[in-house]
Structure formats: structure tokens, C-alpha cells
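# Structural overview
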Amino acid sequence: MSFNIALTGLSAVNEQLNTIGNNIANSGTVGFKSSRTDFGSLYAESQAMGVEVLGSTQSISQGGALTTTNRTLDLAISGGGFFVTRASNGDIAYTRAGIFGTDTANYIVNSQGQRLQGYPTDAAGNLQTGTVGDLSLQAGSLPARATDSIAFVANLNANQDVPATAVFDPQDATSYNSTYTTKVYDSLGREHTLTQYFAKTGENTWDAHYYLDGAAIGGPEALTFSTAGQLTAPAGAVNLTATLPGVDALNIALDYSGSSQYGSEFMVSTNRPTGYSAGEQTGMTVESDGRIYASYSNGQRLLQGQVVLASFVNAEGLKNISGTAWTETAASGNALIGAPGVGQFGNLVAGALESSNVDLTQQLVGLMEGQRNYQANTKVISTNKELTQVLFNAI
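Here's what I pulled together on the structure shown here. As the structure is a computational prediction, the values presented were derived from the model and not from experiment.

## What to know about the overall build of the protein
When its secondary structure is counted, the protein shows two helices and 30 strands. Overall, the C-alpha framework of the protein stretches about 135 × 45 × 35 Å when taken along its three principal axes. When each of the 395 residues of the protein is scored for burial, the buried share is 40%. Of the contacts formed within the protein by residues at least 6 apart in sequence, a portion of 59% connects residues at least 24 apart. Per element, the accessible surface of the protein, about 20200 Å² overall, is 50% carbon and sulfur. Looking at charge distribution, the protein has the averaged site of its 17 positive side-chain charges lying 12 Å from that of its 31 negative ones.

## Observations regarding the packing of aromatic side chains
Tallying each qualifying case throughout the model produces 14 aromatic pairs. Between the aromatic rings of phenylalanine 82 and tryptophan 326, the centroid separation amounts to 5.7 Å while the plane-to-plane angle is 70°, which identifies the pairing as edge-to-face. In this pair, phenylalanine 82 sits in strand β5 (residues 82–86) while tryptophan 326 sits in strand β27 (residues 325–327), placing the two residues 244 residues apart along the sequence. Residue classification places phenylalanine 82 among the buried positions, given a relative accessible area of 6%. What makes tryptophan 326 buried here is its relative accessible area of 0%. A centroid spacing of 6.2 Å and a plane angle of 20° characterise the contact between phenylalanine 152 and phenylalanine 198, whose relative ring orientation is stacked. Residue phenylalanine 152 is found in strand β11 (residues 149–157), and its partner phenylalanine 198 is found in strand β13 (residues 191–202); the two are separated by 46 residues along the sequence. Judged by its relative accessible area of 1%, phenylalanine 198 is buried.

## As for helix α1 (residues 2–25)
Since the α-helix advances by 3.6 residues per turn, residues separated by three or four positions end up pointing in the same direction. Helix length check: α1, at 24 residues, gives a terminal C-alpha distance of 34 Å against a target of 34 Å (1.5 Å per residue), a fit within 8%. Listing the buried residues of α1 in full gives Ala6, Gly9, Leu10, Ala12, Val13, Gln16, Thr19, Ile20 and Asn23.

## Considering the pairing of strand β14 (residues 205–212)
By the criterion of burial, β14 is predominantly enclosed, with six of the eight residues buried. Bridging between β13 and β14 involves eight bridges; their strand directions are antiparallel. Note that in β14 the partner of leucine 194 across the bridge is leucine 212. Relative to strand β16 (residues 221–225), β14 runs antiparallel, the two being bridged by four bridges. For tryptophan 206, the partnering residue across the bridge sits in β16 and is leucine 223. Both β14 and strand β15 (residues 215–216) contribute to a ladder of two bridges, which runs antiparallel. Its bridge partner lying in β15, leucine 212 is registered against alanine 215. The antiparallel pairing of β14 with β15 creates a hairpin that spans two residues between the two strands, and aspartate 213 there sits at a positive phi of about 55°.

## Focus: the side chain of serine 34
You can see serine 34 is positioned in the loop between α1 and β1 (35–44). Exposure remark for serine 34: the relative accessible area of 11% places this residue in the buried category. Setting aside its immediate chain neighbours within four residues, serine 34 contacts Asn23, Thr57, Gln58, Ser59, Asn357 and Val358.

## Some remarks on the environment of asparagine 126
Along the chain, asparagine 126 turns up in the loop between β9 (115–119) and β10 (133–134). Taking relative accessible area as the criterion, asparagine 126 reaches 44% and is therefore assigned partly exposed. Measuring from C-alpha to C-alpha, the distance between asparagine 126 and leucine 303 comes to 7.6 Å, with 177 residues separating the pair along the chain. Once residues within four sequence positions are removed from consideration, asparagine 126 is found in contact with Pro120 and Thr121.

## Thoughts on the nonpolar core
If you look at the biggest cluster of nonpolar residues, it comprises 23 residues, and the most contacted ones within it are Tyr210 and Tyr256. Those residues within four positions of tyrosine 210 in sequence are excluded, and the remaining contacts are Leu194, Thr195, Gln196, Ala215, Ala216, Ile217, Gly219, Glu221, Val238, Leu240, Leu254 and Tyr256. Ranked by size, the runner-up nonpolar core spans 16 residues in total, among them Phe83, Leu116, Leu135 and Met284.

## Considering the pattern of salt bridges
Here the structure, examined in full by the defined rule, presents 11 salt bridges. The partner of arginine 115 in a salt bridge is aspartate 134, with the nearest N and O atoms 3.2 Å apart. Here aspartate 134 lies in strand β10 and arginine 115 lies in strand β9, a separation of 19 residues in the sequence. The exposure class of arginine 115 is partly exposed, given its relative accessible area of 25%. A salt bridge links aspartate 289 to arginine 291; the nearest nitrogen and oxygen atoms lie 3.2 Å apart. By sharing partners, the salt bridges in this structure join Lys33, Arg96 and Glu354 into a single network.

## Comments concerning the environment of lysine 200
Residue placement: lysine 200 occurs in strand β13. With residues up to four places along the chain from it excluded, the contact list for lysine 200 reads Ala158, Gln160, Asp161, Val162, Pro163, Asn177, Thr205, Trp206 and Gln261. Within the structure, the side chain of lysine 200 is placed 3.0 Å from the backbone oxygen of alanine 158, a separation counted as a polar contact.

## Thoughts on the side chain of serine 356
Tracing the backbone through its elements, the reader meets serine 356 in the loop between β30 (352–354) and α2 (360–394). One polar contact links the side chain of serine 356 to the main-chain carbonyl oxygen of asparagine 26, over a distance of 3.3 Å. In this structure the side chain of serine 356 is engaged in a polar contact, spanning 3.2 Å, whose partner is the backbone nitrogen of valine 358.

Cut-offs and rules
Throughout this description, residue numbers start from 1 for each chain and increase along the sequence as written. In keeping with the model being predicted, local features are shown solely for residues with a pLDDT of at least 70 and side-chain atom pairs are shown and tallied solely at 80 or more, while totals for entire chains, interfaces and linings include all residues. With hydrogens and water excluded, all non-hydrogen atoms of the structure serve as input to the side-chain values. Only DSSP runs of H or I with at least four residues qualify as helices, and only runs of E with at least two residues qualify as strands; both kinds are numbered from the N terminus onward. Exposure categories follow from relative accessible area, calculated using a 1.4 Å probe and restricted to protein chains: below 20% of the type maximum is buried, above 50% is exposed, and the middle band is partly exposed. Pairs of residues are marked as contacts when any of their non-hydrogen atoms sit within 4.5 Å. To measure how exposed things are, a 1.4 Å probe is used in the Shrake-Rupley method; for residues, cover is taken only from the protein chains shown. Note on charges: Lys and Arg go in the positive column, Asp and Glu in the negative column, and His and the chain ends are not counted at all. Charged side chains are reduced to one point each, which is NZ for Lys, CZ for Arg, CG for Asp and CD for Glu. Paired rings are identified among Phe, Tyr and Trp, the last through its six-membered ring, by centres lying within 6.5 Å, and are further divided according to the angle between planes into stacked (under 30 degrees), edge-to-face (over 60) and tilted (the rest). By definition here, a helix of n residues has an expected span of 1.5 Å times n minus one. Two strands qualify as a pair provided DSSP detects at least 2 bridges between them. Only buried residues count toward a nonpolar core, which is a set of Ala, Val, Leu, Ile, Met, Phe, Trp, Tyr and Cys residues joined through side-chain atoms within 4.5 Å. Whenever a carboxyl oxygen of Asp or Glu lies within 4 Å of a side-chain nitrogen of Lys or Arg, that contact is scored as a salt bridge. Pairing of N or O atoms within 3.5 Å defines a polar contact, subject to two protein rules: one partner must be a possible hydrogen donor and the other a possible acceptor, and residues neighboring in sequence count only if both atoms are side-chain atoms.

Shown next as C-alpha cells:
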């Protein structure tokens, strides 16, 4: 009986040493989670039968140290959550290994070709938060976009007097009180200047004159303010139209919402025009909230999508398909999807990777303990053999 008990011990310790060896071998594997072999005693009623391996437990919830790589698509999670990837056959996997790149179709993929999942964008660059799909990057240049709106917020100085010159003339500074110039673009991305001239016409009333590249466009627009300094007219945006040679007509909605008239200096607090010239892609950035932006030579940034993370009620219940990837099970519960930095989801760190969480010191200690247990079990077998030989000699 002791011989069989010792054999179960040797078999169990052998599995433990295999687990420890695998941990040590993967101490440099990105996103790897160490495992532990769990033992249980064997009994037949009250008779001891030895030991068995109950299973292997992986330390999924224990994070590894973050290592800087300065590579844009190397991503690490600082906190909870898993990256979501989808294989070509549709299988979904969850991982902490954030080594990503792009394939020939510009999809973001890992080394196995599985596509990173997230919120994509539509043709206008708007994030589609209701849909989770494959993330891809826009390749090539960014075409020019004509300016079609300007958000303009300013304070007009209530202390100023009506200009001495009654007839407005952009060349005569005595015919207006303040001026401001904004850079705008046509449909070919060519740059133009839109200049606004503000001339006070009475108490709480002003005229705004508009010139594009020195030529007047439209008539003056009356701006009216309440006695509390709030803008009361126009109620909506002012529509400016200009015809330029060789390009589409320029139509700009100029919104003065939030503008005021107080007894302080003329000041522009917001001047936000749309539109830009064409540009070549110069780089890419990933924000801590998972938003991916492409950068262009014209100074623009275009949103490409947002990485999503998955969380589980019981992460330890995930099924291990490799040392760095898992699939959900009934024990883990369904994946909860969300954006990085929200609730239980950690922030993304671009240009970094999560190292293996293997503690080499702990593994080496376990290796020595396993070796000692293995020797003890072989000693039991050796002793049992000697006793059996003594019995045979006596007979």
C-alpha cells in the first residue's frame, strides 16, 4: 500500500514541477499569469490512499509590472479589465497582452492575427458607442475640408462710444471699434481670411461687418444686447456666403451664442472654425481612455475609434486557452464591456506592456520544495523495496 501511496506522490509532485517550470519559462512573456498546482488527499473511507492533483489555479487577477516600450500600439492596462480580441472564425478571447500592430487591411491585430475590438467611428469621425467591432486605422492623407461654421464668443466693450465716422470703412479705424480676423478654408483647402469689424451704433446695439480676403460679403449684421449685457439678437447663427473662383461656394454659419457686452476690454474667448487644408498622416496616439487618434501634417487629429475593455464578476472562472488569453465560461459570467477609465475598468497606457506576474523567488522556493518532496517519495519506495526484500529472504 505504501508503494502505491508514494507513486501518487511522485505523480503529483511531477505535475507541480511541470507547472513551476512553465512559470519560470514564461517569466518574460508579456501578459502571462503564473499558475499553481493544487493538491488533495485521497481516501477510501478511512483508509489513506495518497494524493491527487485537484487542478491548476491561475493568478489572473494579479497584475504584472508595466514596462515602457515607446511603441504606440504597445498597450498596457493600469487597473482592471481585459483587451477583447476576435479571431477570423469569430471566436472572442480576452487578454492582458497588449502587443498590437496592423495587418494589410489596416486592422489592429495581435501576433495571432486576432483583431482588437472597440467602438468604431463613422465616415464623419463620430464615435459609435453602441457598436463593438473590429478597430481599423485610416491610411493615407486627410482630404481638405471647407469651413462651414465658426463658434465665436466675444465681449464687446460697453464703455466705448459710437465711432466718430458714421460711414463704415475698413480702411478707416475711426469708423469701427474693434476687429478680429479668422483663418478659413475653401473646398480645396486653400486658406482665406475672414475679418469681422464691430461698430457701435447706440446703447446696447452694434453692427458687425464681414470681409473675406478684403472683399465685403453680405450686409452688416445687427447685434443687440440686454441691459444685463446678454446677447439677445441674432437668435441663431449668421449665415455668410461667398463665391470664390474654382471652388464650391463658401457657406459659413457664424454663431455668436454666449457673447456679451460688459464694461471691459474687447476680448475673444472662443474662436473655433471648422475646416482645414489637406494633410499627410504623421503619427498616431492612444489616449488613456482608449481613444485612438491619427495625426496629420496640417495639425488635425482624426478620431479612429476607441479601445474597449471587458470585466467579469469572477475573473478566476475564465477558461485558459493559453498563458495570456482566456474565454468566458458560466463560472466567470458574461463579459461587461466598457471604456477604459470608467468604473472598474483601468486606464490604458500607450507605449508600455504588462510584464509577466511570475515571482521568480517564489517559484525557485517552490522548485526546491518540490524536489524535496520528490526525494521523500522516492525514499518511501526505496524503503518499501528493502522491507519487501527482507520479507522474501526470511521466507
